[in-house]
Amino acid sequence: MKKMTYGEAIREGMSIRMRENKNVLLFGEDVGAFGGCFGVSAGMYEEFGEERVRDTPISEGVIIGCAVGAAATGLRPIAELMFIDFLTVGMDQLVNQAAKMRYMFGGHISMPMVVRLPAGAGVSAAAQHSQSLEAWVTHVPGLKVVYPSTPQDALGLMLTAIDDNDPVMFIEHKAMYAMKGEVTELKPIPLGKGDIKRSGEDVTIIATGKMVHEALAASKNLEKEGISCEVLDPRSLYPLDKALIKASLIKTHKAVVITEEVKRGGYGGEISAMISEEYFDLLDAPVVRIGALNTPIPFAINLEQYALPNAQDIIHAVKQLV
Amino acid sequence: MKVTNQQIQDMYTCMKKIRAFETKAMDVFAEGSIPGFVHLYIGEEAVAAGVCQHLNDNDYITSTHRGHGHIIAKGGDLKYMMAELFGKSDGYCKGKGGSMHIADASKGILGANGIVGAGHNIATGAGLSISYRKTDQVCVCFFGDASTNQGTFHESLNLASIWKLPIVFVCENNGYGISMSQKHHMAIKDVADRAVAYGIPGISVDGNDVLAVYEAAGEAIKRARSGLGPTLLECKTYRHRGHFEGDPGTYKPKEEQESWLEKDPLFRLAAYMTDTNIATRDEILKIDAAVDKEITKAVEFAMESPVPALEKVVEDIYSDIIEEVRVR
């Protein structure tokens, strides 16, 4: 058993595979000797050298495009976009190329690539460096999407993402990089396998990324009032562990879905709709959906905190449900 | 760069194959046998043929929406191509891609592409892959003049030049971005001038002269294979048809069209071959007849191939997940 930060776990996941497989390489802006904007790849340049840990110019389109071309020709690239917000600049290569090549070409080309997407708010980075864009990537057939909430999950999902033969979007919350946690397993975590972060009886809180911790904090508070919450972290947004959600609802019959995304059009809405369509008979009450306010992420600390969803919102929602 | 008579004959055969394939595609599209959009390469055959003459099966190419010529020149199978145009299950993409998305990984064809300028980025990735694996392969990136106005062009040539990637960027300058003429879409005459910005060679040749293309491409490919980095090779040419079938091309002045028809690359090469005794008129007609036969067979194959089964629509999205089908 070892304590690791979330950032260290991502690095360890990449490093394990890079030690084993020469076809794995990492590139992006300042990921080399600088160690990455958030220090996640610190030391990797020294361990693996400039061929395998490459600085690219500030050119997000060709960063993703390089991953597409390299994956189509036998490598297993990991491309880092410094902020998920920069996806806008590389969107064609992701959506029209990476996601569609296998299909358009009749299954004759594989696209084993990982795109690391530092996401989320809470560090006063304002509107262009704080977004949660899960919905954009989960919306596209051909992409797989994971979003770890703990160091253990970050390590296991990174191994899986690198091993996978399809493009995997690896969303990592930038405000969690320093968060410590126990890492007991150095094994891949299968895609489509969610995790019960806390077991409970009265209501299921489905939460992703940093919101898992808000859900755990809310659950602790609610327990004092005699309300027992189950916290379910899907970990992989696509494929989604519907069976785990169903099993939890069979027990609780109530669901709260919380993601950090702007509520309008978020992936949280997709999960809510799926529950309503497929598990309506299990529900005792309508699904409650919590997200950020429908605003760009503001800069001032008080405004940012007000715009983001948190444990208080969950407590409020759960109390209305039970 | 030396070129043998056999190589010249091979390039002629390749160009003739492209011309015949495209002419047939034009006819079957007009009949209504193939759906969607078709962008024909008629008039530009010397570029694909002259460049690909230097390539091996394990070299890569990226192509464009006007991709049939590149795919044929890189060794694509006419039967599977034609079946794909017809949207049939035996097509290269099992009927899921169509004219704009034909690929053949076994021949290093990383796909035609419906997004103008997308190939620049993908070729750069393939170049990175070659350079990283330290093989002597090369990647040729085909694109049009108008795509050099996309950001992808700048990003890719910059990265390819700083990393000295083994790529030849081949600009097929046909003078138009859809209906917008080059003089309206850029302020320079030679796309090759753009190479200066990346510190790489920029060469401009007559793209309707297959031997000029062959020679310039040979130098650029040699440079790439020996680790000296990319070249921007501009081949000036002309598309005889509209941007897509159905576009009457009224924006192209009549005199301009006529002057380019006189420079038809296929007829020019045939005349050169007879003038220099590389082949007799009869020998050329023999090549033509063999190609026509192959095209007829490809169309028969395409017509006989079944349409894709409906349940196939959810396959090949992922390596391991098959999506749910619709219940009707």
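Residues numbered from 1 in each chain as written. Chains lettered and ligands numbered in written order. Predicted model: local features only at pLDDT ≥ 70, side-chain atom pairs only at ≥ 80, totals over all residues.

### Observations regarding the pairing of strand β5 (residues 114-119) of chain A
All names here are of chain A.
Point 1. Among the six residues in β5, six count as buried, and that is most of the element.
Point 2. Here β5 shows no split at all, with Val114, Arg116 and Pro118 on one side and Val115, Leu117 and Ala119 on the other all buried.
Point 3. In this structure, strand β4 (residues 76-80) lies alongside β5, joined through three bridges in parallel fashion. Within β5, the residue paired with Ile78 across the bridge is Val114. (Buried ≥ 20, exposed ≤ 12 C-beta atoms within 10 Å, placed from the backbone. Helix = DSSP H or I, 4+ residues; strand = E, 2+ residues; numbered from the N terminus. Pairing = 2+ DSSP bridges.)

### Structural notes on the sheet that holds strand β14 (residues 288-292) of chain A
Pairing between the strands of a sheet comes from backbone hydrogen bonds, and it takes one of two forms, parallel or antiparallel.
All names here are of chain A.
Point 1. If you trace the five strands from one edge of the open sheet to the other, you get β9-β11-β10-β13-β14, paired in mixed fashion. Every other strand in the sheet has two partners, leaving β9 (195-198) and β14 as the edge strands with one partner each. When strand polarity is set aside, the average angle formed by the axes of neighbouring strands in this sheet is 25°.
Point 2. Sheet topology note: the β9/strand β11 (residues 229-233) ladder contains three bridges and is antiparallel. The partner of Ile196 across the bridge, within β11, is Leu232.
Point 3. With respect to the sheet, helix α8 (residues 211-224) is in contact with β9, β10 (203-207), β11 and β13 (255-262), its orientation differing from that of β11 by roughly 170°. (Axes fitted to C-alpha atoms, helices over the stretch in contact; angles between N-to-C directions. Contact = placed C-beta atoms within 7 Å.)

### Concerning the packing of helix α1 (residues 6-20) of chain A against helix α7 (residues 151-163) of chain A
Residue and element names in this part refer to chain A.
Point 1. The geometry of α1 relative to α7 is characterised by a closest axis approach of 8 Å and an angle of 30° between their N-to-C directions. In this view, α1 runs roughly parallel relative to α7, as classed from their interaxial angle. Every pair of crossing elements has a handedness; the one defined by α1 and α7 is right-handed. Here α1 contributes Tyr6, Ala9, Ile10, Glu12, Gly13, Met14, Ile16 and Arg17 to the contact with α7, which in turn contributes Pro151, Ala154, Leu155, Met158, Leu159 and Ile162.
Point 2. Across the contact of α1 with α7, the residue classes tally to 11 nonpolar, one polar and two charged. (Parallel < 35°, antiparallel > 145°, perpendicular 65-115°, else oblique. Left-handed = near helix turned anticlockwise from the far one by under 90°. Nonpolar A, V, L, I, M, F, W, Y, C, P; charged D, E, K, R; others polar.)

### Focus: the packing of helix α3 (residues 60-72) of chain A against helix α4 (residues 87-98) of chain A
If you want to describe how two helices pack, look at the angle between their axes and the distance between the axes.
Residue and element names in this part refer to chain A.
Point 1. Contact pair α3 / α4: the axes reach a minimum separation of 6 Å and the direction vectors enclose 25°. Accordingly, the angle class assigned to the pair α3 and α4 is roughly parallel. Of the residues in α4, those touching α3 at Glu60, Gly61, Ile63, Ile64, Gly65 and Val68 are Val89, Gly90, Asp92, Gln93, Leu94, Gln97 and Ala98.
Point 2. Across the contact of α3 with α4, the residue classes tally to six nonpolar, five polar and two charged.

### Observations concerning the domain arrangement of chain A
All names here are of chain A.
Point 1. Splitting chain A by domain gives domain 1 (2-183) and domain 2 (195-321).
Point 2. Between the C-alpha centres of domain 1 and domain 2 there is a distance of 26 Å.
Point 3. Taken together, the contacts link 24 residues of domain 1 with 24 residues of domain 2.
Point 4. Secondary structure elements with two or more residues in the side of domain 1 that touches domain 2: α6 (134-138), β6 (144-146), α7 and β7 (168-173).
Point 5. Taken together, the residues of the side of domain 1 that touches domain 2 sort by class into 12 nonpolar, nine polar and three charged. (Domains from an automatic or database assignment.)

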